[in-house]
Amino acid sequence: MSGAPFVGVLALQGDVREHVEALETVGARSGAVRTLEEFRGCDAVVVPGGESTTMSRLALIDGWFEPLREARSAGMPMFGTCAGMIMLADQVLDARPDQETIGGLDVVVRRNAFGRQVDSFETDISVPVLGAEAFHAVFIRAPWVESVGSGVEVLAEISDGDRAGTIVAIRHGGLLATSFHPELTSDVRFHRYFVDMVRETV
Ligand code: GLN
């Protein structure tokens, strides 16, 4: 493609600005996406963290599910972080009964999975596709990935402690998702990885 791709950050609810800044840092054009018209100008979208039950309700009210699912089926790359990972998952455990998702990611995720005591925490994880240097991952009432379908690539697991081996970053075709918040650190490698994915598809 010619020029930088436009990666919108879905602004139904959640942390938008940090993603826009990280995406711009790695050479994409970016901005908050609040209307379907803005969505039509996107080559890809980030679905940010926030509260997936609220996000799902707002998406339903404003008619976002159909255009998002259509775009995803047509191959639009999407990157979901935390609540955004929940929004991209095919199956969600501990969801509100009426909670819908965009879907497409062949995984089962569990909401608020780490439990009360360790509700929010930070830890260094190894993410081989990003290089040898560990990634500092910030988890905030995070979901985890309980199981993955056959086409899903596991990019990272928790390295040590009680939760060692828990899957926290995945890729399935054009869909990328993390349980944690890469936009809350200055390490933009996940955003760069995603923008590289976008450049390969547009
Ligand atoms: N616990 C939230 C949810 O279920 C996700 C939290 C987050 O995005 N930081 O949607």
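Just so it is clear, the structure is predicted and the values come from calculations on it, not from any experiment.

About the thresholds
Residues numbered from 1 in each chain as written. Predicted model: local features only at pLDDT ≥ 70, side-chain atom pairs only at ≥ 80, totals over all residues. Heavy atoms only, no water. Phe/Tyr/Trp six-rings, centres within 6.5 Å; stacked < 30°, edge-to-face > 60°. Helix = DSSP H or I, 4+ residues; strand = E, 2+ residues; numbered from the N terminus. Buried < 20%, exposed > 50% of the residue type's maximum accessible area, 1.4 Å probe, protein only. Polar contact = N/O pair within 3.5 Å; in protein donor to acceptor, adjacent residues only side chain to side chain. Contact = heavy atoms within 4.5 Å. Pairing = 2+ DSSP bridges. Right-handed = clockwise from strand over helix to strand, strands pointing away.

Student: Any chance you could explain the packing of aromatic side chains here in plain terms?
Tutor: Counted by the stated rule, this structure contains eleven aromatic pairs. Where Phe135 meets Phe190, the ring centres are 5.1 Å apart and the plane angle is 80 degrees; that geometry is what we call edge-to-face. Note that Phe135 is positioned in strand β8 (residues 135–140) and Phe190 in helix α6 (residues 189–201), a separation of 55 residues in sequence. A residue is classified by how much of its surface remains accessible, and Phe135, at 0% relative accessible area, is buried. The class for Phe190 is buried, based on a relative accessible area of 0%. An aromatic cluster is defined as three or more aromatic residues linked by ring pairs; in this entry it consists of Phe79, Phe114, Phe121, Phe135, Phe139, Trp144, Phe180, Phe190 and Phe194.

Student: Can you help me understand the side chain of Arg111 in this one?
Tutor: Relative to the helices and strands, Arg111 resides in the loop between β6 (105–110) and β7 (120–125). Separated by 2.8 Å, the side chains of Arg111 and Glu51 make a polar contact. Not counting chain neighbours up to four residues away, the residues in contact with Arg111 comprise Glu51, Ser52, Thr53, Ile86, Val92, Leu93, Asp94, Ala95, Arg96, Gln99, Ala142 and Pro143.

Student: Would you take a moment to explain the pairing of strand β1 (residues 6–10) for this structure?
Tutor: Looking along a regular strand, one sees the side chains alternate between the two faces of the sheet. Of all five residues in β1, five are buried, a share of seventy percent or more. Covered by surrounding structure in β1 are Phe6, Gly8 and Leu10 together with Val7 and Val9, the residues of both alternating faces. Here β1 pairs with strand β2 (residues 29–33) via five bridges, running parallel. Counterpart to Phe6 in the pairing with β2 is Arg29. Assessed by its sense of winding, the connection that carries the chain from β1 through helix α1 (residues 17–25) to β2 is right-handed. Pairing of β1 with strand β3 (residues 44–47), which is carried by three bridges, proceeds in the parallel orientation. Looking across to β3, one finds that Val9 is bridged to Val46.

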